[in-house]
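Now for the letters of each chain:
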Amino acid sequence: MSRKPRHRGRTPAASAAVQKYAAQQPGLQAITKQYVGLITHMLDDAGINYLSVTGRTKSVASYAGKAERLADDEDPLTEITDMIGVRVITYVHADVAAVADVLGDELVVLDDRDLGQETANEGRFGYSSRHVLATVPDDGPGRLRGHNASVQIRTVLQHAWAEFEHDIRYKGKIPEEHAPDLDRRFTLAAGLIELADKEFSRIRDVLRATVTEERDETDEQDPRIDAKELATFLGTQYADVGWSRTDHYAWISGLLLELGIASLDELSGLLTSIDTESIDARMGYKYPAGAVRRLDDALLAVFGARYVGLHGNAHRVELLRARLEKLRADLPDLPDPSDHPVPSPDPE
């Protein structure tokens, strides 16, 4: 539980680095926000389930403290790489690897460390988190070029342990005689969390394999397919895939309503005409795409440009056009959108 000893006094290189960072820090806050949006978009497009994506720009005080702790021969400008930080929290451990895979495909990865695996390789329990240092490719968003982002990926349970341990270690005053006992207790808690993470994964797998069609009460004033009912239906329709984010079920239910599809019976009838296996093969999913992403591609394959033009898709027109081009080029046998006219909702 002991902290790394601080150096007495700040080197000229450290002082110069802190001054430079202080001048840059306000501008980096906007860069951090843009990185959060970019990574969120990547995960949503890949159909990966996650709890949250957040960001923080390292404070000047924190940067100065870290610079002061560096050895005399270490340059803060190259050694401190977490000025822009993004944190992705997932529900289960399998999704940690999926998020890292997305970053590896979409960004330029400069470093990738699985600290939980490193700890396990040493025969210990402790801090578990995947740390990916990445930057945008040459054709990435211009404002982000030249700026690296340090991305932490961890499960919600790993996050809870890390936050509590950090709070105790850095903010609390631990008497020397209690340090060994607290170290042992943190180790015990880390082991229990690893077991709990595994149980959560098993729970998800069991629920995904045994999902039922039991329906909850719905809001009769809302013409959309109920999000919970849709999640249950898609869990049966795409039994081999993972869950999507909770809010994404409600979002795509709105798109279905724009298409005039307001019941599961209508949706089921539509999906029976689709060669799902061909779409999946041609899209070549690299990640465990969730059920909403699979339905999204199915609707795109059926309705084509009409789907792209829906009001609810206004924020991702170019993305959908690129997907549609891929589908049409690789799947000439897809159903003609004219075979599936959009039904008009019954007037109230």
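Residues numbered from 1 in each chain as written. Predicted model: local features only at pLDDT ≥ 70, side-chain atom pairs only at ≥ 80, totals over all residues. Heavy atoms only, no water.

Asker: Just checking my understanding: could you explain the overall build of the protein for this structure?
Answerer: Scanning the protein from terminus to terminus reveals 14 helices and five strands. Burial statistics for the protein: of 348 residues in total, 41% are counted as buried. When contacts within the protein are restricted to residue pairs at least 6 apart in sequence, long-range pairs at least 24 apart make up 73% of them. Counting every atom, the protein has about 19100 Å² of accessible surface; 51% of that belongs to carbon and sulfur. (Helix = DSSP H or I, 4+ residues; strand = E, 2+ residues; numbered from the N terminus. Buried < 20%, exposed > 50% of the residue type's maximum accessible area, 1.4 Å probe, protein only. Contact = heavy atoms within 4.5 Å. Areas by Shrake-Rupley, 256 points an atom, 1.4 Å probe, with all protein chains shown as cover.)

Asker: Just checking my understanding: could you explain the confidence of the model for the protein for this structure?
Answerer: Low-pLDDT portions of the prediction should not be read for the details of their coordinates. Looking at the protein, pLDDT values average 83 and 85% of them are 70 or higher. Note on residues 212–216: pLDDT is under 50 here. Beyond four places in sequence and across chains, it has seven contacts. Every residue in residues 337–348 scores below 50 in pLDDT, and together they form 20 contacts with partners more than four places removed in sequence or on other chains. (pLDDT = per-residue confidence, 0-100.)

Asker: Explanation requested: a negative patch on the surface in the structure shown.
Answerer: Taken together, the side chains of Asp72, Asp73, Asp75 and Glu79 make up a negatively charged region of the molecular surface. As for its placement among the helices and strands, Asp75 is situated in the loop between helix H2 (60–69) and helix H3 (76–79). The class of Asp75 is partly exposed, set by a relative accessible area of 32%. (Patch = residues over 30% accessible without salt bridge, like charges linked within 9 Å, V, L, I, M, F, W, Y side chains within 5 Å. Salt bridge = Lys/Arg side-chain N within 4 Å of Asp/Glu carboxyl O. Lys, Arg positive; Asp, Glu negative; His and termini not counted. Charge placed at Lys NZ, Arg CZ, Asp CG, Glu CD.)

Asker: Whenever I open this one, the environment of Leu157 confuses me. Can you help?
Answerer: The residue Leu157 is located in helix H6 (residues 156–171) in this model. Ignoring sequence-local partners within four residues, the contact set of Leu157 consists of Ile193, Ala196, Asp197 and Phe200.

Asker: Help me out: how do you make sense of the packing of aromatic side chains in this one?
Answerer: For any pair of aromatic rings, the description rests on two quantities: the centre-to-centre distance and the angle between the ring planes. Enumeration according to the criterion identifies one aromatic pair in this entry. Taking the centre distance of 4.3 Å and the plane angle of 10 degrees together, the rings of Tyr21 and Tyr63 count as stacked. Of the two residues, Tyr21 sits in helix H1 (residues 12–46) while Tyr63 sits in helix H2, which places them 42 residues apart along the sequence. Like Tyr63, Tyr21 is buried. In this arrangement the basic side chain of Arg245 is found over the ring face of Tyr50, its NZ or CZ atom lying 4.1 Å from the centre. (Phe/Tyr/Trp six-rings, centres within 6.5 Å; stacked < 30°, edge-to-face > 60°. Lys NZ or Arg CZ within 6 Å of the ring centre and 35° of its normal.)

Asker: Mind showing me how you'd approach the pairing of strand S5 (residues 149–155) here?
Answerer: Working note: regular strand, side chains alternate between the two faces of the sheet. Of all seven residues in S5, seven are buried; the element is thus mostly enclosed. Alternating residues of S5 divide into Ala149, Val151, Ile153 and Thr155 and Ser150, Gln152 and Arg154, and every residue in both groups is buried. As paired strands, strand S2 (residues 84–90) and S5 are joined by six bridges and run parallel to one another. Across the sheet, the residue bridging to Val86 is Val151, located in S5. (Pairing = 2+ DSSP bridges.)

Asker: How should I be thinking about the packing of helix H11 (residues 276–283) against helix H12 (residues 291–303) in this particular structure?
Answerer: A pair of packed helices is characterised by two quantities: the angle between their axes and the separation of those axes. Relative orientation of the contacting elements H11 and H12 amounts to 105 degrees, with a least axis distance of 10 Å. Compared by their axis directions, H11 and H12 come out roughly perpendicular. Each of Thr276, Ile279, Asp280 and Met283 in H11 lies in contact with H12, whose residues at this interface are Arg293, Arg294, Asp297, Ala298 and Ala301. (Axes fitted to C-alpha atoms, helices over the stretch in contact; angles between N-to-C directions. Parallel < 35°, antiparallel > 145°, perpendicular 65-115°, else oblique.)

Asker: Help me understand H2, please; the structure alone is not making it clear to me.
Answerer: Of the residues making up H2, those classed as buried are Tyr63, Ala64, Gly65, Ala67 and Glu68. Lining the buried residues of H2 we find H1 and H3.

Asker: Where do I start with the side chain of Asp296 in this structure?
Answerer: Mapped onto the elements of the fold, Asp296 is located in helix H12. Relative accessible area serves as the criterion here: at 2%, Asp296 is assigned to the buried category. Setting aside chain neighbours within four positions, we find Asp296 in contact with Trp251, Ile252, Tyr307, Arg316, Leu320 and Arg323.

Asker: Just checking my understanding: could you explain helix H9 (residues 246–258) for this structure?
Answerer: Because each turn of an α-helix spans 3.6 residues, side chains separated by three or four positions end up pointing in the same direction. Along H9, the residues classified as buried are His248, Tyr249, Ile252, Ser253, Gly254, Leu255 and Leu256. Where H9 is buried, its residues meet H1, helix H8 (227–237), helix H10 (264–271), H12 and helix H13 (305–308). A positive phi of about 85 degrees marks Gly260, the residue just after H9.

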